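# Structure at a glance
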Amino acid sequence: MTDRRETFGNGRVAAETLRGQVAAQRYVAPVLHRVTRPLVDLLALPGGARDRQLVLGEGVEVLDIHDGHAFGRATRDGYVGYIPADALAADVPEPTHIVAVPASHAYSAPDLKRPEIWALSFGTRLRVVSASGAFFETAQGWFVPKPHLRPANAPFADPVTVAQMLFGAPYLWGGNAIWGLDCSALVQMAHLACHRPCPGDSDQQARDLGRVLPPGTPPERGDLLFWKGHVALVVERDVMIHANAHTMSVAYERIEEAIARIEAQGDGPVTAHKRP
């Protein structure tokens, strides 16, 4: 059985590379678009439930636009779904920088007292065209504080450090931004910021990330702990960080206490301890 999250076809249309593998009315080559809003939902079906979210500047390979929704695949991880077509554009220049702090603002002028245009989440992708005092100017004509941006080709070194930057962010099922994120988003945001490939959902991460360690292996910083439907990052031997519904936030928790609590609430034991 194919996984709709990873299959670049929907019966109506499919990627040309899947001709002969996936049934569709037509086969086309995708066209690169980018997100033009601060945040947009990636949907399971047009107008349906949220699977994940994309932030401003992220790439989407689009196969089809129909009834106001684009059918596409996120370039960051290959996640397939539907996005409101008016949240995408095909003529957006390649980003040069990312927002490298939990959140920032785009201003209408290089002046912190001027009205802000939008709030920007960690991971937002922007093309910088010039500098003006303490601000970078973007291709849209916005101004973003210089200390908040990092060259897109300059990865962070440690996923755990990135996750710790997001401490306190609210929990949101399917969320991928500082205004709300879930367990798998925290892991993905942390790894992608270090230019380490990482899929979007925890079951995909359990399948693809790292190697399984034998039971009883002492946890180390950067290890991943998996439960059915949940994932956490090890900070140090007895502490982990995770976005969780228990605190409704990105929070630290002692590993032994988390294991006991999660099992007691009926969600089972740790299913895997992995080391990337």
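Here we summarise the structure given alongside this text. In this text the structure is predicted, and so the values were computed from the model without any measurement.

This part is about the pattern of salt bridges. For the structure on display, the rule yields 23 salt bridges. Between aspartate 77 and arginine 76 there is a salt bridge; the shortest N-O distance is 3.6 Å. A salt bridge links aspartate 238 to arginine 254; the nearest nitrogen and oxygen atoms lie 2.6 Å apart. Of this pair, aspartate 238 sits in the loop between β22 (230-236) and β23 (239-244) while arginine 254 sits in strand β24 (residues 249-254), and the two are 16 residues apart along the sequence.

Here the focus is the environment of leucine 112. Its place among the elements puts leucine 112 in the loop between β11 (103-107) and β12 (116-121). C-alpha of leucine 112 to C-alpha of methionine 248: the two residues are 136 residues apart in sequence and 32 Å apart in space. Setting aside residues no more than four positions away along its own chain, leucine 112 makes contact with Tyr107 and Phe135.

If you look at the biggest cluster of nonpolar residues, it comprises 31 residues, and the most contacted ones within it are Leu181 and Leu233. Of all elements in the fold, only α1 (159-165), α2 (183-193), β21 (224-227), β22 and β23 reach the threshold of two or more residues within this core. With 7 residues, α2 is the single largest residue contributor to this core. If we skip the residues at most four places from it in the chain, leucine 181 touches Leu166, Ala169, Pro170, Tyr171, Leu172, Gly175, Asn176, Leu186, Met189, Ala243 and Val250. Ranked by size, the runner-up nonpolar core spans 13 residues in total, among them Val13, Ala14, Leu18 and Tyr82.

Our next topic: helix α4 (residues 255-264). Residues of α4 that are buried: Ile255, Ala258, Arg261 and Ile262. Burial along α4 is one-sided: seen end-on, the buried residues are contained in an arc of 130°. Across from the buried face of α4, at angles greater than 90 degrees, the exposed residues are Glu256, Glu257 and Ala264. Elements in contact with the buried residues of α4: β21, β22, β23 and β24.

Here we come to the side chain of threonine 138. Here threonine 138 is to be found in strand β15 (residues 135-138). When sequence neighbours within four positions are dropped, the list of residues in contact with threonine 138 reads Leu126, Arg127, Val128, Val129 and Val144.

Reading across from one edge, β20-β25-β21-β22-β23-β24 is the order of the 6 strands in this open sheet, with antiparallel pairing throughout. With partners counted over all chains shown, the strands left at the sheet margins are β20 (211-212) and β24, one partner each. As paired strands, β21 and β22 are joined by 4 bridges and run antiparallel to one another. Along β22, the bridge assignment pairs tryptophan 227 with histidine 230. Contacts from α2 reach β21, β22, β23 and β24 within the one sheet, and its direction differs from that of β22 by about 50°.

Before going further, it helps to examine the sheet that holds strand β13 (residues 125-126). Sheet architecture is open: 3 strands sit in the order β13-β10-β17, paired in antiparallel fashion. In this open sheet, the two strands that pair with only one neighbour each are β13 and β17 (149-151). One ladder, built from 3 bridges, connects strand β10 (residues 97-99) with β17; its direction is antiparallel. When the bridges of β17 are listed, valine 99 appears paired with leucine 149.

The subject of this paragraph is the state of the cysteines. Disulfide: a covalent bond formed between the sulfur atoms of two cysteine residues. According to the stated counting rule, one finds 0 disulfides in the structure shown. With no disulfide partner, cysteine 183 has as its closest neighbouring cysteine sulfur the one in cysteine 198, 11 Å distant.

Conventions and cut-offs
- Residues numbered from 1 in each chain as written.
- Predicted model: local features only at pLDDT ≥ 70, side-chain atom pairs only at ≥ 80, totals over all residues.
- Heavy atoms only, no water.
- Salt bridge = Lys/Arg side-chain N within 4 Å of Asp/Glu carboxyl O.
- Helix = DSSP H or I, 4+ residues; strand = E, 2+ residues; numbered from the N terminus.
- Contact = heavy atoms within 4.5 Å.
- Core = buried A, V, L, I, M, F, W, Y, C linked by side-chain atoms within 4.5 Å.
- Buried < 20%, exposed > 50% of the residue type's maximum accessible area, 1.4 Å probe, protein only.
- Arc of directions from axis to C-beta.
- Pairing = 2+ DSSP bridges.
- Axes fitted to C-alpha atoms, helices over the stretch in contact; angles between N-to-C directions.
- Disulfide = S-S within 2.5 Å.

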